Amino acid sequence: MYAEVLRRNPGEREFHQAVHEVLESLAVVLGRHSEYAEMKTIERICEPERQIIFRVPWQDDSGEVQINRGFRVEFNSALGPYKGGLRFHPSVNLGIVKFLGFEQIFKNALTGMPIGGGKGGSDFDPKGRSDAEVMRFCQSFMTELYRHIGEYTDVPAGDIGVGAREIGYLFGQYKRITNRYESGVLTGKGLGWGGALVRTEATGYGAAFFAEAMMEARGESFDGTRVVISGSGNVAVHGIEKVHQLGGTAVACSDSSGYVVDEKGIDLEVLKQVKEVERGRIADYADRVGSASFVAGGSIWDVPCDVAMPSATQNELDGEAAQVLARNGCRYVVEGANMPATPEAVDAFRAAGIVFAPGKAANAGGVATSALEMQQNASRDRWTFEHSEAKLAEIMRGIHARCHETAEEYGSPGDLVLGANVAGFLEVAEAVHAHGLI
Ligand code: NDP
């Protein structure tokens, strides 16, 4: 099966990696479900239902014409409308979008909500662009995307480089073209126009809740732990916030230029000011906080910790970094980002007895809360922060329990990678099977 995926999708390294990791877990399933082998259910799930690639022309502030490429991969709609974020980053290509879309299928299934899997984005780099440029780009992007999405078809959200500002411009253009105030077409909206409380915080908070559940299963808690969280975007900032509330201390975070260490614990107010308000660099944090130091480049995983939460991007934590974490006494690794640990890193965690949570389980809080946003939009309702956060915590504990129990049931107790892949797959496969050969 894997050889066929390689042959049909040449050069898509990250997609191959994501498929390989899932396939490795599924041998145990085929032994119990021969119908999935007969109906080529896995092969069908590996092939996206639809892949859209389009030109995105726009003009920058100096009047120069710019051309980017837009993507939307509608991977699987067995459980509900395609659901998954949009990423704006120069590294975006079809292989990256497909890896993210493939992961999203199983992640969304694990939430237990009625959402299929998809992902999209562009190689547009919002960094250093003015608001007006970002707006023109978003309008051009939506001018093609609008015909492929809708509240019952495909519901995009944010990801790297796409936050509330971008979702606002995208929503505005969708409304203008379609003449429909269709709140349910995008999630991650502003609170005043259909957004849901806790959606912004959900991925980082959810990853921390998941980590807490992992620790509880081993008679531990966040109390007194040192935590290292890479990145300083949406996931990292809110991960840090929740870790602090749960009794841990996040002592380091990063961006693509380097990392900061603050032994007193990252000061969230300063971090939010630097990264969210000023859209500055992480080095600015160290300039303002006396107890902090900035390390240009380097590996944030050199900082000793009990819990590591990679929350920046794919393949940011390799085998060597994993060995360093193990030597420094790290006991838990929880993926806030999508596939941040390389396969070599995951092997090293297993060998060292580090408990490891894959992103498709640990960072599912974002999409789960997006589904709650869709529920609120459909019923024109608005829930309180406390109610939504309690739901998120319950969902994350539920996902942990499912992964944990499935790993035991399929003969690999404690292996949350296998647990997540098998539990997610079974949910999707049953629906795919029920819908016949489509
Ligand atoms: P943001 O754009 O808000 O932040 C991304 C952070 O990661 C920034 O600090 C950025 O630094 C850093 N980063 C990005 N690319 C690289 C790179 N190549 N090398 C080093 N650092 C990098 O994104 P999010 O926080 O939303 O997303 C982070 C991860 O979490 C992604 O893997 C995403 O797919 C995943 N995720 C996000 C969800 C969400 O709800 N937002 C939901 C589930 C998963 P810099 O500014 O220097 O580029």
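Structure shown above.
From a predicted model like this one, the values you see are computed outputs, not experimental measurements.

What counts, and where the lines are drawn
- Residue numbers here run from 1 along each chain, matching the order of that chain's written sequence.
- Side-chain atom pairs in this predicted model are given and counted only at pLDDT of 80 or more, local residue features only at pLDDT of at least 70, and totals for whole chains, interfaces and linings cover all residues.
- Side-chain metrics in this entry use all non-hydrogen atoms of the structure; hydrogen atoms and water are not considered.
- A single heavy atom is enough: if one lies within 4 Å of a molecule or strand, its residue is considered near that molecule or strand.
- We define a polar contact as two N or O atoms separated by no more than 3.5 Å, with the added condition that, inside protein, one atom must be a possible hydrogen donor and the other a possible acceptor, whereas residues neighbouring each other in sequence contribute only through side-chain atom pairs.
- Exposure was quantified through the Shrake-Rupley algorithm and a 1.4 Å probe, taking into account, for residues, occlusion by the shown protein chains and nothing else.
- In this classification, the charged set is Asp, Glu, Lys and Arg, the nonpolar set is Ala, Val, Leu, Ile, Met, Phe, Trp, Tyr, Cys and Pro, and all remaining amino acids, among them Gly, are polar.
- Put simply, buried Ala, Val, Leu, Ile, Met, Phe, Trp, Tyr and Cys residues joined by side-chain atoms within 4.5 Å make one nonpolar core.
- Between buried and exposed lies partly exposed: a residue is buried under 20% and exposed over 50% of the maximum accessible area for its type, with that area taken using a 1.4 Å probe on protein chains only.
- To qualify as a helix, a DSSP run of H or I must reach at least 4 residues; to qualify as a strand, a run of E must reach at least 2; elements of each kind are numbered from the N terminus.
- The criterion used for residue contact is that any of the two residues' heavy atoms lie within 4.5 Å.
- Neither His nor the chain ends is counted toward charge; the positive residues are Lys and Arg and the negative residues Asp and Glu.
- Put simply, a salt bridge is a Lys or Arg side-chain nitrogen that is within 4 Å of an Asp or Glu carboxyl oxygen.
- What a helix is expected to span follows from its residue count: subtract one and scale by 1.5 Å.
- For two strands to be treated as a pair, DSSP must find no fewer than two bridges joining them.
- Axes, fitted as lines to C-alpha atoms, cover a helix only where it is in contact. Angles between the N-to-C directions of the axes lie from 0 to 180 degrees.

Student: Got a minute to help me understand the site of the ligand in this structure?
Tutor: Neighbouring the ligand are 25 residues, the closest being Lys-127, Asp-159, Thr-203, Ser-256 and Arg-281. One of the side-chain nitrogen or oxygen atoms of Lys-127 is found 2.8 Å away from an oxygen atom of the ligand. For the ligand, the accessible surface in isolation is 880 Å², of which the surrounding protein chains cover 82%. For the shell around the ligand, the per-class residue count stands at four nonpolar, 14 polar and seven charged.

Student: I tried to follow the nonpolar core on my own but got confused; where do I start?
Tutor: Side chains that are nonpolar tend, in soluble globular proteins, to be buried together. Residues Phe-210, Met-214, Ile-240, Leu-271, Tyr-285, Met-309 and Ile-399 are the most contacted members of the largest nonpolar core, which totals 58 residues. Considering each element in turn, this core owes the most residues, nine residues, to helix H8 (residues 202-216). Those residues in contact with Phe-210 that sit more than four places away from it in its chain are Ala-357, Ala-361, Ala-362, Met-396, Ile-399, His-400 and Leu-416.

Student: How should the side chain of Asp-60 be read in this particular structure?
Tutor: Relative to the helices and strands, Asp-60 is located in the loop between strand E1 (50-59) and strand E2 (65-76). Comment: no salt bridge for buried Asp-60; closest opposite-charge side chain is Arg-129, at 4.2 Å. Within the structure, the side chain of Asp-60 is placed 3.0 Å from the side chain of Gln-66, a separation counted as a polar contact.

Student: What is the right way to look at helix H15 (residues 365-378) in this model?
Tutor: Think of an α-helix as turning once every 3.6 residues; residues three or four places apart then point the same way. Taking 1.5 Å of rise per residue, 14 residues should cover 20 Å, and H15 covers 20 Å from first to last C-alpha, within 8% of that figure. Within H15, twelve of the 14 residues are buried, leaving the element largely enclosed by the surrounding structure. Where H15 is concerned, the buried positions are Gly-365, Gly-366, Val-367, Ala-368, Thr-369, Ser-370, Ala-371, Leu-372, Glu-373, Met-374, Gln-376 and Asn-377. At its buried positions, H15 is contacted by strand E3 (82-88), helix H5 (94-111), strand E5 (154-157), H8 and helix H16 (385-409).

Student: Teacher, can you tell me more about the sheet that holds E1 here?
Tutor: Strand pairing in a sheet takes place through backbone hydrogen bonds and is either antiparallel or parallel in direction. Spatially, E1-E2-E4-E3-E5 is the arrangement adopted by the five strands of the open sheet, whose pairing is mixed. Of all the strands in the sheet, just E1 and E5 have a single pairing partner and so form its edges. Across this sheet, the average inter-strand angle for adjacent strands is 20 degrees, counted without regard to direction. Direction of pairing for E2 relative to strand E4 (residues 117-122): antiparallel, over a ladder of six bridges. Opposite Gly-70, over in E4, you have Ser-122 as the bridge partner.

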